2 protein chains.
Amino acid sequence: MPAVTIKDVAREAGVGVGTVSRVFNRSTLVSQETQQRVLAAADKLGYYPDVSARRLVKGRTRIIAFIERHTPRPPFVDAFMAEVLRGIHSVVIEEDYHILIEPCAPGEKGDRRLLNLIREKHADGLIISGPRIDDPIYRSMPNGQIPVVLQGYLPGEALACVDVDNYTGAYQATEYLLSLGHRRIAMISNGPFVYTAAEARKAGYLAALEKTGIEIFPEYICEGAFSPESGYQAMQSLLSLDPRPSAVFIASDTVAIGAIKAIEGANLLIPEDISIVGFDDIAWSAYLSPPLTTVRLPAQEIGEKAARLLMNLLSDDKTVCTQEFLPTRLILRGSCQPYSDNSR
Amino acid sequence: MPAVTIKDVAREAGVGVGTVSRVFNRSTLVSQETQQRVLAAADKLGYYPDVSARRLVKGRTRIIAFIERHTPRPPFVDAFMAEVLRGIHSVVIEEDYHILIEPCAPGEKGDRRLLNLIREKHADGLIISGPRIDDPIYRSMPNGQIPVVLQGYLPGEALACVDVDNYTGAYQATEYLLSLGHRRIAMISNGPFVYTAAEARKAGYLAALEKTGIEIFPEYICEGAFSPESGYQAMQSLLSLDPRPSAVFIASDTVAIGAIKAIEGANLLIPEDISIVGFDDIAWSAYLSPPLTTVRLPAQEIGEKAARLLMNLLSDDKTVCTQEFLPTRLILRGSCQPYSDNSR
DNA sequence: ATTTGTAATGGAAACGTTTCCAATAAAAAT
DNA sequence: ATTTTTATTGGAAACGTTTCCATTACAAAT
């Protein structure tokens, strides 16, 4: 059974192909009566326009690509990413766009895949997630060829982007620990500092300490790697320090879970011996014991904003390339308490 | 700057368009020499074949759609889903396929979206995730129009599918609790029983009990709803029972987290007062306290298998519609202990 | 010398739309 | 009555590929 095309419908309805096309594009310049006839014919024949043909002639795909540009290992794992995706989807669906997901880890292969995506015109626009400071791709990208919005932030690039305000989030978390009287405050990053989010959170942490005039110990700053395991490791090294920190700001709840394990393993109590503030407010955080005080980020909203921005760039190109930073919120739960000298 | 097409390359290289096309399709019937010339010309002009045009003439998109057919609420949230997606991606990328993600919740809108996806030829094949028993869509799907593999299982449908062996997983989990001497074993499902996975896990649980000849209390069977919150609720109702269960099989780690909270809230200890077995082995499970004994499922492998199956269906249509059920593995950790009469 | 076979190539047709231009009919303005 | 405008419509051209068929050149076989 060969596919039924627009010509079949035209013949059936006794009209020209142009008219059929106009009907299906909700063009107003076709009389009520023929419109009925065309629709009836299409229905009878079971006609649906072929999206590939439409794309060819229109030069538009109505597809946006979501580029996962994280390190080779965890492309989709992040529950955060899933929520962002949900946000994106909820807005593009309104405009009848579709989403292509493309994990393109930095490196020869991923770079080529990303570039080809643009050059072969797979999508009309890109949302790039998880940018790294050391990523040279933005320079080699066919310039201005395709609208891009960064989900994240890249200093120095004139790209539209939406991100959570990592700096302020970290600043407030640290400030909160300071307000509880803590002075030996360590930090474990969510991931390597080549990720701008990790860097920004560290900067917020440092700024809060500096403002209070507290000396900064380099050994108090550890690098996580997105996993509980990395948090476990980092916390162990922190616990071996003398004096050990009385509080730790951990820039990822997932990493924090491993860190908590390490603390328990050392027979220390949270928050009695060590206070903890996390970051992300994943679904599980409220159910840890004690419930984790953490920085909540509007994951879905980030996706929505990014998508909305991209939609704007796609419809009228005179849109300026905005940079939006969405506010976080510190969620107080049970993993912190005022400083008291419980350390050795 | 108008896009450079195959004609430009042909002119530049002094050959016909057919030849250029052949070069780019790695056809062997073109001499080494012209091949060089064409490639050089293409490189000079910066030519890349337009994917839409190619799709139109080939009648193939080289896109597969991943259909999220869960209930309206949580389309992407599941970390499990993310891993499956990763598995899918890792195999389709080898064949130069792309992935479209399409949350199509059951209902008028989602149904139409799913159907249009097929009828407008957005993709060559479908992987449908999260099937529900009560989903009528499979009957209204353009029959045999498009290769489909189910990520999950739907009894009675002659569809290719790959799923985890939920039944056996649940059976083994329950059997384990029985072997520890427990007799009052409750269960909380991962989600509503219209989801085949939830149903199968319940069946496995029941079968284990029946085999041991244990009376089944309907009040011991609770319905979760994918969230920690739902687990919290369910466990509270379980704890109010008299006698309360000495062990609970919870068919989702995420749900289990909420349940654990409820147990702690009642000032009971795991595993001293209640033993717990979860399901899924999410990243956090090993870091709970006590570490959660749970049923691990090969999430990524499911994605790989499903994708591989779909690739087969796409390449030669004589492939039979296989049904694969991947084995689970019970991971013993610290949330269970032999039965002792700690209950009131 | 002629025929046959093979490898390489050019170019038209086809894929299924949209869009533009011309044509027609009807209505309005002169 | 004639011209101008407006509302519909038909259909050719275009979008950028692939594929098929015909052609050419040349080697091999007769």
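What counts and how
- Residues numbered from 1 in each chain as written.
- Chains lettered and ligands numbered in written order.
- Predicted model: local features only at pLDDT ≥ 70, side-chain atom pairs only at ≥ 80, totals over all residues.
- Heavy atoms only, no water.
- Near = heavy atom within 4 Å.
- Polar contact = N/O pair within 3.5 Å; in protein donor to acceptor, adjacent residues only side chain to side chain.
- Least-squares fit on C-alpha atoms with pLDDT ≥ 70 in both.
- Contact = heavy atoms within 4.5 Å.
- Buried area = accessible area lost by both parts, 1.4 Å probe.
- Salt bridge = Lys/Arg side-chain N within 4 Å of Asp/Glu carboxyl O.
- Helix = DSSP H or I, 4+ residues; strand = E, 2+ residues; numbered from the N terminus.
- Nonpolar A, V, L, I, M, F, W, Y, C, P; charged D, E, K, R; others polar.
- Pairing = 2+ DSSP bridges.
- Buried < 20%, exposed > 50% of the residue type's maximum accessible area, 1.4 Å probe, protein only.
- Arc of directions from axis to C-beta.
- Axes fitted to C-alpha atoms, helices over the stretch in contact; angles between N-to-C directions.
- Phe/Tyr/Trp six-rings, centres within 6.5 Å; stacked < 30°, edge-to-face > 60°.
- Lys NZ or Arg CZ within 6 Å of the ring centre and 35° of its normal.
- Parallel < 35°, antiparallel > 145°, perpendicular 65-115°, else oblique.
- Left-handed = near helix turned anticlockwise from the far one by under 90°.

J.: I keep staring at the protein's contact with DNA strand D and nothing clicks. Help me out?
T.: By nearness alone, 28 residues border DNA strand D, and Gly-16, Thr-19 and Ser-31 of chain A together with Ile-6 and Ser-21 of chain B come closest of all. In DNA strand D, the atoms that sit within 4 Å of the protein are 59% sugar and phosphate, with bases accounting for the remainder. Within the contact set of DNA strand D, a phosphate oxygen lies 3.1 Å away from a side-chain nitrogen or oxygen of Asn-25 of chain B. Taking Tyr-47 of chain B, its side chain carries an N or O atom lying 3.1 Å from a sugar or linking oxygen of DNA strand D.

J.: Sorry, what's going on with the relation of the copies chain A and chain B here?
T.: Two copies of the chain are present, and they differ by a rotation about an axis and a shift along that axis. Placing chain A over chain B gives an RMSD of 0.1 Å and needs a rotation angle of 180 degrees, together with 0.1 Å of translation along the axis. With respect to symmetry, the two chain copies, as superposed, fit the operation of a two-fold axis. Closest approach to the rotation axis among the C-alpha atoms of chain A is made by Leu-100 of chain A, whose C-alpha sits 2.2 Å away. Interface overlap between copies is the fraction of interface residues in one copy that are interface residues in the other; for chain A against chain B it reaches 100%, indicating a shared surface.

J.: Would you explain the interface of chain A and chain B in this entry?
T.: Where interface size is quoted, it is often the accessible area lost as the parts come together. Across the boundary between the two partners, chain A contributes 50 residues, which contact 51 residues of chain B. For the pair chain A and chain B, the summed buried area comes to about 4,900 Å², and 63% of that belongs to carbon and sulfur atoms. Sorting the residues of chain A by area buried against chain B places Tyr-48, Trp-284 and Tyr-287 of chain A first, and these three jointly supply 16% of that buried surface. Our count for the chain A to chain B interface comes out at zero salt bridges. At the boundary of chain A with chain B, the tally comes to 12 residue pairs in polar contact (both at pLDDT 80 or more). Of all the elements in the fold, those that place two or more residues in the side of chain A that touches chain B are helix H4 (51-58), helix H5 (79-92), strand S2 (98-103), helix H6 (108-119), helix H10 (228-239) and helix H11 (253-265) of chain A. Looking at the side of chain A that touches chain B element by element, the count peaks at six residues for S2 of chain A. Grouping the amino acids of the side of chain A that touches chain B by side-chain chemistry returns 28 nonpolar, 10 polar and 12 charged. By the bridge criterion, three bridges tie S2 of chain A to strand S2 (residues 98-103) of chain B in an arrangement that is antiparallel. Residue pairing across strands places Ile-101 of chain A opposite Ile-99 of chain B, the latter belonging to S2 of chain B.

J.: What am I meant to see in the pattern of salt bridges here?
T.: If the charged atoms of two oppositely charged side chains come close together, the side chains can form a pair. Residues and elements named next belong to chain B. For the coordinates displayed, the defined rule picks out 24 salt bridges over all chains. Across the salt bridge formed by Arg-69 and Asp-135, the nearest N and O atoms sit 2.4 Å from each other. Note that Arg-69 is positioned in the loop between strand S1 (63-68) and helix H5 (79-92) and Asp-135 in the loop between strand S3 (125-129) and helix H7 (137-140), a separation of 66 residues in sequence. Exposure class is identical for Arg-69 and Asp-135. Each is buried.

J.: Hey, could you run me through unusual backbone geometry in this one?
T.: Trans is the common state for peptide bonds, and a negative phi is the common state for residues other than glycine. Note the cis peptide between Asp-242 of chain A and Pro-243 of chain A, where omega equals 0 degrees. Along the polypeptide, Pro-243 of chain A turns up in the loop between H10 and strand S8 (247-250). Residue Asp-280 of chain A is not a glycine yet carries a positive backbone phi of 120 degrees. Position of Asp-280 of chain A relative to the elements: it lies in strand S9 (residues 275-280). Taking the relative accessible area as the measure of exposure, Asp-280 of chain A reaches 17% and is therefore buried. The phi torsion at Asn-267 of chain B lies on the positive side, around 60 degrees, for a residue other than glycine. Tracing the backbone through its elements, the reader meets Asn-267 of chain B in the loop between helix H11 (253-265) and strand S9 (275-280).

J.: What should I look at first to understand helix H2 (residues 17-24) of chain A in this one?
T.: At 3.6 residues per turn, the α-helix brings residues three or four places apart onto the same side. All names here are of chain A. Turning to H2, its buried residues are Thr-19, Val-20 and Val-23. The buried residues of H2 all sit within an arc of 100 degrees when viewed along its axis, so they share a single face. Buried residues belonging to H2 abut helix H1 (6-13) and helix H3 (32-45). Taken from the residues just after H2, Arg-26 is the one with a positive phi, measuring 50 degrees.

J.: Can you help me understand the sheet that holds S1 of chain B in this one?
T.: In a beta sheet, neighbouring strands pair by backbone hydrogen bonds and run either parallel or antiparallel. Pairing within the open sheet is mixed, and its 12 strands lie in the order S11(A)-S5(A)-S4(A)-S3(A)-S1(A)-S2(A)-S2(B)-S1(B)-S3(B)-S4(B)-S5(B)-S11(B). Of all strands in the sheet, those bounded by a partner on one side alone are strand S11 (323-326) of chain A together with strand S11 (323-326) of chain B. The mean inter-strand angle of the sheet, taken between neighbouring strand axes irrespective of direction, is 20 degrees. Sheet analysis places strand S1 (residues 63-68) of chain A next to S2 of chain A, joined by six bridges and oriented parallel. The residue bridging Phe-66 of chain A from the neighbouring strand is Ile-101 of chain A, located in S2 of chain A. Against the sheet, H5 of chain B contacts S2 of chain A together with S1, S2, S3 and strand S4 (148-151) of chain B, and its axis sits at roughly 170 degrees relative to S1 of chain B.

J.: Help me understand the protein's contact with DNA strand C, please; the structure alone is not making it clear to me.
T.: What surrounds DNA strand C is a group of 28 residues, the closest being Ile-6 and Ser-21 of chain A together with Gly-16, Thr-19 and Thr-34 of chain B. Looking at DNA strand C alone, sugar and phosphate atoms form 60% of those within 4 Å of the protein. Between DNA strand C and Ile-6 of chain A, the relevant distance is 2.8 Å, taken from a phosphate oxygen to a main-chain nitrogen or oxygen of the residue. Residue Arg-22 of chain B places a side-chain N or O atom 3.0 Å away from a base nitrogen belonging to DNA strand C. Of all elements in the fold, only H2 and H4 of chain A together with helix H2 (17-24) and helix H4 (51-58) of chain B reach the threshold of two or more residues within the surface near DNA strand C. Looking at which element gives the most residues to the surface near DNA strand C, the answer is H4 of chain A, with five residues.

J.: What exactly am I supposed to notice about the packing of aromatic side chains here?
T.: Aromatic ring pairs are described here by two measures, namely the spacing of the ring centres and the angle between the planes. Taken as a whole, this structure holds 13 aromatic pairs over all chains when the rule is applied. Note on Trp-284 of chain A and Trp-284 of chain B: the rings are 4.2 Å apart at their centroids and 15 degrees apart in plane angle, and the pair reads as stacked. Here the residue Trp-284 of chain A occupies a position in the loop between S9 and strand S10 (293-296), and Trp-284 of chain B occupies one in the loop between S9 and strand S10 (293-296), the pair thus bridging two chains. Classification of Trp-284 of chain A as buried rests on a relative accessible area of 6%. Ring plane angle 85 degrees and centroid distance 5.1 Å describe the contact between Phe-24 of chain B and Tyr-47 of chain B, whose orientation is recorded as edge-to-face. Linking Phe-24 of chain B in helix H2 with Tyr-47 of chain B in the loop between helix H3 (32-45) and H4, this pair joins segments that are 23 residues apart in sequence. The exposure class of Phe-24 of chain B is partly exposed, given its relative accessible area of 22%. Judged by its relative accessible area of 9%, Tyr-47 of chain B falls in the buried class. Of note, Arg-201 of chain A hangs over the ring of Phe-279 of chain A, and the distance from its end group to the ring centre comes to 3.9 Å. Directly above the ring of Phe-193 of chain A sits Lys-202 of chain A, whose terminal nitrogen or CZ lies 4.2 Å from the centroid.

J.: Whenever I open this one, the packing of helix H1 (residues 6-13) of chain B against H3 of chain B confuses me. Can you help?
T.: The description of two helices packed together rests on the angle between their axes and the distance between the axes. Residue and element names in this part refer to chain B. The interhelical angle for the contact between H1 and H3, taken along N-to-C directions, is 120 degrees, at an axis separation of 9 Å. Of the possible angle classes, the one that applies to H1 and H3 is oblique. When the axes of H1 and H3 are compared, the crossing they make is right-handed. Residues Asp-8, Val-9, Glu-12 and Ala-13 of H1 touch H3, and the partners they reach there are Arg-37, Val-38, Ala-41, Ala-42, Lys-44 and Leu-45. Broken down by class, the residue content of the contact of H1 with H3 amounts to six nonpolar, no polar and four charged.

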